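# Examination of the molecular architecture
One-letter residues, chain by chain:
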Amino acid sequence: MAKTYFNAPLTESEYILNSFNYFKFDKDNYLVTAEHGSWVLLSKKEFDLLRLHKLSENPELFSILKEKGFILSEDNIQQVIEGMREHYSFLFQGPSLHILTPTMRCNQRCIYCHSRAESSTSKGYDMDEKTAKKIVDFMFLTPAKSIVIEFQGGECLLNFPVVETVIDYAREKSKETGKKVQFSVVSNFTLLNDEILDSLKERKVMGLSTSLDGPKEVHDFNRKFLDGKGSYDSVEYWIKRIKDEFKYDFNLNALCTVSRKSLSMGKEIIDTYSDLGFTHVWLRGLNNIGFASETWKKIGYSPQEFVDFYKKTLDYIIQKNIDGKKMVELMTTIFLKKIMTKRGPMFVDIQSPCGAAIGQLLYNYKGDIYTCDEGKLFNELKIGNVFTSTYSEIFDNDTVKAMLDVSSKKNYLCDNCAFSPYCGICPIYTYAAQGTIVSKIAEDDKCKTYKEVIKTVFSKILFSEKDRDILFDWIGREKVFS
């Protein structure tokens, strides 16, 4: 917690109140937040003193609120400005995440595929070497000092020679430009072999990520091969091989996408991750885009159904930690870092403005450039091509400006939400669900979900000592400042 020094309060004419929002947990607990991310929990009496501008009656409260930037005066205004700059530091770095799709082909047909991947036998969906190198040249035009190149698909291993070409060429560009470069391979793992792993190891590719939706029953329901067979056995085999034989070579991660089949299986999902040696799990909610939109009635759910699943599963994860078995839920840590640290985790999908173009770019197999990962599904969100577009043209694009505008949350409902400083709007999800990037926020499922998740995180750190201790351990206690 921040150290507080109590000063004699200024008179009401000597300070002004910063704008703030609040959420009432109960009759005597008011969460008050400011746009630069600061927050404080007040009693009803304290809240009334703030609301009525009578803080001189409580010197201790005055000092706390001044330190946190809810009170503005000549001697703390610069501190609040710096806090705002830190909170929005991601706006000034340029895109650092560059997603590349060597192919749109895939050997699976997952029920919720966001990429609308083509069959593995389809023709004309692979990137060639010339396009790959041109994309890398374009990536290195970013002002960001560090670059992450993430290979996605389709299934990127279906065009692995181009993956190797990109890595080798990007290493050369890194030496030329002085920019750091890292690589992440996102794969369903079913096409892995020893030659591929040896190649990635030789090229010092640390990041390996796959999808693991839980136990065999759930995973095979969600993630099937083109012939309808489940893929769990293959994924489990390679996870175990990598952890046994390559554990010092790769940073192995897995992502759990929650479908309707998952909602009653939270405990089993976490136990599967734990049994396979994972200490982190991401309970990712399903987006009603791509193939998921075609089967939503079968696999989808309401925001409240997901939140109920999330809360119950999070409680189980926390209890496992209390019992001595480490497990971290990653969506929770993202919101926790936003709440508890000066600078958030730079997660482009949950920030405001969103990370479209300013934090990430996606390049498809033809060299077309899109605002972000899910943007590749919509021709309207294509913002250029590496062969025909200049770097400045990409960022002067009207689509990019519109995305940043609407995801800045400057509308009436967000302006009055206490959780707004820690949230983020995805215009693409809004476009898919509502047919417009300008969200009818009261009908936005993402808004409803994130609001409840953030409320849950706040509840645990404010009102449960045992939960708070576990959550603070997840992000490192030395980073906590609020």
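Residues numbered from 1 in each chain as written. Predicted model: local features only at pLDDT ≥ 70, side-chain atom pairs only at ≥ 80, totals over all residues. Heavy atoms only, no water.

## What to know about the overall build of the chain
The helix and strand tally for the chain stands at 18 helices and 18 strands. In terms of overall dimensions, the chain is globule-like: its C-alpha atoms have a radius of gyration of 24 Å, near the 23 Å expected for 482 residues. Along the longest, intermediate and shortest principal axes, the C-alpha atoms of the chain span 75 × 50 × 45 Å. Of all 482 residues assigned to the chain, the portion counted as buried reaches 55%. By sequence separation, contacts in the chain at least 24 residues apart represent 71% of the contacts at least 6 residues apart. If you sum the accessible surface of the chain, you get close to 21600 Å²; carbon and sulfur atoms cover 50% of it. Taken as two groups, the 65 positive and 66 negative side-chain charges of the chain have centres that lie 1 Å from each other. (Helix = DSSP H or I, 4+ residues; strand = E, 2+ residues; numbered from the N terminus. Rg over C-alpha atoms; globule rule 2.2 N^0.38 Å. Buried < 20%, exposed > 50% of the residue type's maximum accessible area, 1.4 Å probe, protein only. Contact = heavy atoms within 4.5 Å. Areas by Shrake-Rupley, 256 points an atom, 1.4 Å probe, with all protein chains shown as cover. Lys, Arg positive; Asp, Glu negative; His and termini not counted. Charge placed at Lys NZ, Arg CZ, Asp CG, Glu CD.)

## Structural notes on helix 8 (residues 232–245)
Think of an α-helix as turning once every 3.6 residues; residues three or four places apart then point the same way. In this model helix 8 runs 20 Å from its N-terminal to its C-terminal C-alpha over 14 residues, within 8% of the 20 Å that 1.5 Å per residue would give. Of the residues making up helix 8, those classed as buried are Y232, V235, W238, I239, R241 and I242. Check the buried side of helix 8 and you find it contacts helix 6 (194–202), strand 11 (207–211), helix 7 (216–222), strand 12 (251–258) and helix 9 (266–275). (Expected span 1.5 Å × (residues − 1).)

## Some thoughts on the sheet that holds strand 4 (residues 39–42)
Reading across the sheet, the 3 strands line up as 2-3-4 and stay open at both edges, with antiparallel pairing between neighbours. In this open sheet, the two strands that pair with only one neighbour each are strand 2 (21–26) and strand 4. Sheet twist, expressed as the mean angle between neighbouring strand axes with direction ignored, is 20°. Relative to the sheet, helix 17 (residues 445–463) contacts strand 2, strand 3 (29–33) and strand 4, its axis offset from that of strand 2 by approximately 65°. (Pairing = 2+ DSSP bridges. Axes fitted to C-alpha atoms, helices over the stretch in contact; angles between N-to-C directions.)

## So, the nonpolar core
In terms of nonpolar packing, the biggest core is built from 104 residues, with F151, F458 and I461 touching the most fellow members. Aside from chain neighbours lying at most four places away, what touches F151 is L100, P102, C156, V163, V166, I167, F183, S184, V185 and V186. (Core = buried A, V, L, I, M, F, W, Y, C linked by side-chain atoms within 4.5 Å.)

## Observations regarding the pattern of salt bridges
A complete count under the given rule lists 31 salt bridges for this structure. For the salt bridge of K173 with D137, the shortest nitrogen-to-oxygen distance reads 3.5 Å. Of this pair, K173 sits in helix 5 (residues 160–177) while D137 sits in helix 4 (residues 129–139), and the two are 36 residues apart along the sequence. With relative accessibility at 14%, the residue K173 sits in the buried group. Between E236 and K240 there is a salt bridge; the shortest N-O distance is 3.6 Å. With a gap of 4 residues between them, E236 and K240 both fall in helix 8, about one helical turn apart. Put simply, D315, K460, K466 and D467 are held in one network by salt bridges that share partners. (Salt bridge = Lys/Arg side-chain N within 4 Å of Asp/Glu carboxyl O.)

## Structural notes on the side chain of S73
Tracing the sequence through the fold places S73 in the loop between strand 5 (71–72) and helix 3 (77–87). In terms of polar contacts, S73 uses its side chain to reach the side chain of D75, at 2.5 Å. (Polar contact = N/O pair within 3.5 Å; in protein donor to acceptor, adjacent residues only side chain to side chain.)

## Regarding the packing of helix 5 against helix 6
Packed helix pairs are specified by the crossing angle of their axes together with the interaxial distance, meaning the distance between the axes. One can describe the packing of helix 5 onto helix 6 by two numbers: an axis separation of 11 Å at closest approach and a directional angle of 10°. For the element pair helix 5 / helix 6, the angle class is roughly parallel. Across the interface between the two elements, F160, E164 and I167 of helix 5 pack against I196, S199 and L200 of helix 6. Looking at the contact of helix 5 with helix 6 residue by residue, the classes come out as 4 nonpolar, 1 polar and 1 charged. (Parallel < 35°, antiparallel > 145°, perpendicular 65-115°, else oblique. Nonpolar A, V, L, I, M, F, W, Y, C, P; charged D, E, K, R; others polar.)

## A short note on the environment of K180
Note on placement: K180 falls in strand 10 (residues 180–186). Classification of K180 as exposed rests on a relative accessible area of 60%. Separated by 172 residues in sequence, K180 and S352 have C-alpha atoms that sit 26 Å apart. With sequence-adjacent residues up to four places away left out, K180 is seen in contact with K145, S146, I147 and S174.

## Focus: the packing of aromatic side chains
As enumerated under the stated definition, the model contains 24 aromatic pairs in all. Seen from their ring centres, Y15 and F62 are 5.4 Å apart, and the 75° between their planes marks the pair as edge-to-face. Highlighted residues: Y15 in the segment before strand 1 (16–17) and F62 in helix 2 (residues 59–67), separated in sequence by 47 residues. Here the two residues Y15 and F62 agree in accessibility, since each one is buried. Pairing W39 with F458 gives two aromatic rings, centres 5.4 Å apart and planes at 85°, and the pair type is edge-to-face. Of this pair, W39 sits in strand 4 while F458 sits in helix 17; the two residues are 419 residues apart in sequence, bridging distant segments of the chain. (Phe/Tyr/Trp six-rings, centres within 6.5 Å; stacked < 30°, edge-to-face > 60°.)

## Let's talk about the environment of K337
Among the secondary structure elements, K337 is positioned in helix 12 (residues 330–340). Given a relative accessible area of 28%, K337 falls into the partly exposed group. Considered as a pair, K337 and K267 are 70 residues apart in the sequence and their alpha carbons are 25 Å apart. Residues within four places of K337 in sequence aside, it is in contact with P345 and I475.

## Focus on the sheet that holds strand 14 (residues 283–285)
The sheet built from 9 strands is open, its strands ordered 14-12-11-10-9-6-16-17-18 with mixed pairing. Unpaired on one side and paired on the other, strand 14 and strand 18 (382–385) mark the two borders of the sheet. Going from strand to strand, the sheet's axes swing by 25° on average, the running direction of each strand aside. Alignment of strand 12 against strand 14, held across 3 bridges, turns out to be parallel. From the neighbouring strand, C256 faces strand 14, where its bridge partner is L283.

## A few points about the confidence of the model for the chain
Mean pLDDT for the chain: 92, with 96% of residues reaching 70 or above. pLDDT under 50 marks residues 1–6. Its contacts with residues more than four places away, or in other chains, come to 14 contacts. (pLDDT = per-residue confidence, 0-100.)

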